Amino acid sequence: MKYILRKHLEGNIPLEIIYLSEQGKITQRKIQVLEINPGHIRAYCFLRQTRRTFKMNNILSARLIKPRYDRSG
């Protein structure tokens, strides 16, 4: 997990995570990793449109967001 987060931080590439909140709610988020710290990350959350702190242990999965291509042209 840490490897994926670090690669996206270095490449300045957004990614999608599945996150378990403190209340036990599972959410799907698109984030831009800003900083990696022991036990947590700081990221821009596109869902909430603000910077957020995410606990590493609560990130259930992380994956690259596939680019969408416009087929009109």
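Residues numbered from 1 in each chain as written. Predicted model: local features only at pLDDT ≥ 70, side-chain atom pairs only at ≥ 80, totals over all residues. Heavy atoms only, no water.

A.B. asks: Sorry if this is basic, but what is going on with the environment of Val 33 here?
C.D. replies: As for its position among the elements, Val 33 is in strand 2 (residues 26-37). Leaving out residues up to four positions away in the same chain, Val 33 has contacts with Leu 5, Leu 9, Leu 15, Ile 41, Arg 42 and Ala 43. (Helix = DSSP H or I, 4+ residues; strand = E, 2+ residues; numbered from the N terminus. Contact = heavy atoms within 4.5 Å.)

A.B. asks: Quick question: what am I supposed to make of the nonpolar core here?
C.D. replies: One broad trend across soluble globular proteins is that nonpolar side chains are buried collectively. Core analysis: the largest hydrophobic core is formed by 14 residues, its most contacted members being Leu 5, Ile 17, Ile 31, Ile 41 and Phe 54. Counting residues per element, the ones that place at least two in this core are strand 1 (15-20), strand 2, strand 3 (40-45) and strand 5 (59-64). When neighbours within four sequence positions are excluded, Ile 31 is seen to be in contact with Pro 14, Leu 15, Ile 17, Ile 41, Ala 43, Tyr 44, Cys 45, Phe 46 and Phe 54. (Core = buried A, V, L, I, M, F, W, Y, C linked by side-chain atoms within 4.5 Å. Buried < 20%, exposed > 50% of the residue type's maximum accessible area, 1.4 Å probe, protein only.)

Worth remembering: the numbers are spatial, not functional.
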